[in-house]
Structure formats: structure tokens, C-alpha cells
Amino acid sequence: MKKFVNICDWDIYFYHAEDCSEGLQRCKTMNIPEKILMQAESNIKMQNAGSTLTNVSQKRICVLMGDQTSKAELLNTLSHEIRHIVDIITDKKSDCSPANITGEITSYFADWV
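It should be emphasised that the depicted structure is a prediction, and the values quoted were computed from it without experimental measurement. (Residues numbered from 1 in each chain as written. Predicted model: local features only at pLDDT ≥ 70, side-chain atom pairs only at ≥ 80, totals over all residues. Heavy atoms only, no water.)

Chemist: Which parts of the structure should I look at to understand the packing of helix 1 (residues 20-29) against helix 2 (residues 34-44)?
Modeler: When two helices pack together, their arrangement is given by the angle between their axes and by how far apart the axes lie. Taken N-terminus to C-terminus, the directions of helix 1 and helix 2 make an angle of 165°; their axes are 11 Å apart at the nearest point. The angle between helix 1 and helix 2 places the two elements in the roughly antiparallel class. Crossing handedness for the pair helix 1 and helix 2: right-handed. On the side of helix 1, the interface is formed by Cys20, Leu24, Cys27 and Lys28, while helix 2 contributes Glu34, Leu37, Glu41 and Ile44. For the contact of helix 1 with helix 2, a count of residues per class yields five nonpolar, no polar and three charged. (Axes fitted to C-alpha atoms, helices over the stretch in contact; angles between N-to-C directions. Helix = DSSP H or I, 4+ residues; strand = E, 2+ residues; numbered from the N terminus. Parallel < 35°, antiparallel > 145°, perpendicular 65-115°, else oblique. Left-handed = near helix turned anticlockwise from the far one by under 90°. Contact = heavy atoms within 4.5 Å. Nonpolar A, V, L, I, M, F, W, Y, C, P; charged D, E, K, R; others polar.)

Structure (C-alpha cells):
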């Protein structure tokens, strides 16, 4: 399953386990260095793990999430990756509040859990 959202002028792509190879291809178009892609690919092969990759100049973020063992683990991993997104965007654009970003992103994921 995959999702796309645009928040605060940032394009954010989410890829769940079955679509992570497509997500890695997306990361290549974002000019993510090969070494980082390899680390992300290794990370998402572990259960209950995810990776957030960013190209700040393009204002693009890609979240890759591996297989999750339960809905609780899915929520945990998703919350962890959302926190990375909030930190990235608020660090670069101060007029976006963390609460607004978190609320907007989480509203897109009701069908994942």
C-alpha cells in the first residue's frame, strides 16, 4: 500500500512493505545517495521497522515501512516515522506547527490500521 500527501509544500510519499521496491525507486529520483538507500533497504527488511529519507532542496520525503507484526506495531512505526517528518518540516519551515502536520498526516492513515 502506498500513499502521497502534500503538507506545507512538502511532497511526502509513504510505502508499506509490499510497495517498498517502488519506494526505493522513488528515492533514487530524489537523488538519495546509494549508501543511504542500501541502509534503508536493509532496515525495512527487519520486522517492525521503517526509514525516512529526505531531499531538503526538493522538499520531498519518502517513508518506507517494512512488515509489521501487528496493528500496534504498525501504529508505533508509523508514529515514529511521522515524528521524523514533523522534525524535518518544522526545522525548515517555521510557519507549520507540529500539531497541524501530525494531525493532517495521521488523518490519511485510518485505512492502514
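Let's pick the thread back up.
Chemist: It is not clear to me how the environment of isoleucine 12 should be interpreted in this structure. Could you clarify?
Modeler: Relative to the assigned elements, isoleucine 12 resides in strand 2 (residues 10-15). The class of isoleucine 12 is buried, set by a relative accessible area of 0%. Distance from isoleucine 12 to isoleucine 105, taken between C-alpha atoms, is 9.4 Å for residues 93 residues apart in sequence. The residues contacting isoleucine 12, other than those within four sequence positions of it, are Lys3, Phe4, Val5, Ile7, Ile61, Ile85, Ile89 and Ile105. (Buried < 20%, exposed > 50% of the residue type's maximum accessible area, 1.4 Å probe, protein only.)

Chemist: In this structure, what is going on with the pattern of salt bridges? I would like to understand it.
Modeler: Here the idea is simple: oppositely charged side chains can pair when their charged atoms come close. Tallying each qualifying case throughout the model produces two salt bridges. Here glutamate 22 ties to lysine 2 by a salt bridge, and the two come within 2.8 Å at their closest N and O atoms. Of the two residues, glutamate 22 sits in helix 1 while lysine 2 sits in strand 1 (residues 2-7), which places them 20 residues apart along the sequence. Given a relative accessible area of 45%, lysine 2 falls into the partly exposed group. (Salt bridge = Lys/Arg side-chain N within 4 Å of Asp/Glu carboxyl O.)

Chemist: Looking at this structure, I do not really get helix 1. What am I missing?
Modeler: Working note: α-helix, 3.6 residues per turn, so residues spaced by three or four point in the same direction. Of the positions making up helix 1, those classed as buried are Cys20, Gly23, Leu24 and Cys27. For helix 1, the buried positions fall inside an angular range of 100° around the axis, keeping them on one side. Residues of helix 1 that are buried sit in contact with strand 2, helix 2, strand 3 (50-55) and strand 4 (60-65). (Arc of directions from axis to C-beta.)

Chemist: What exactly am I supposed to notice about unusual backbone geometry here?
Modeler: A negative phi angle characterises most non-glycine residues, just as the trans form characterises most peptide bonds. With a phi angle near 55°, cysteine 8 is a residue other than glycine that sits in the positive phi range. By the element assignment, cysteine 8 lies in the loop between strand 1 and strand 2. On the basis of relative accessible area, cysteine 8 is assigned to the partly exposed category, the value being 22%. You will see that asparagine 48, though not glycine, has its phi angle at about 60°, which is positive.

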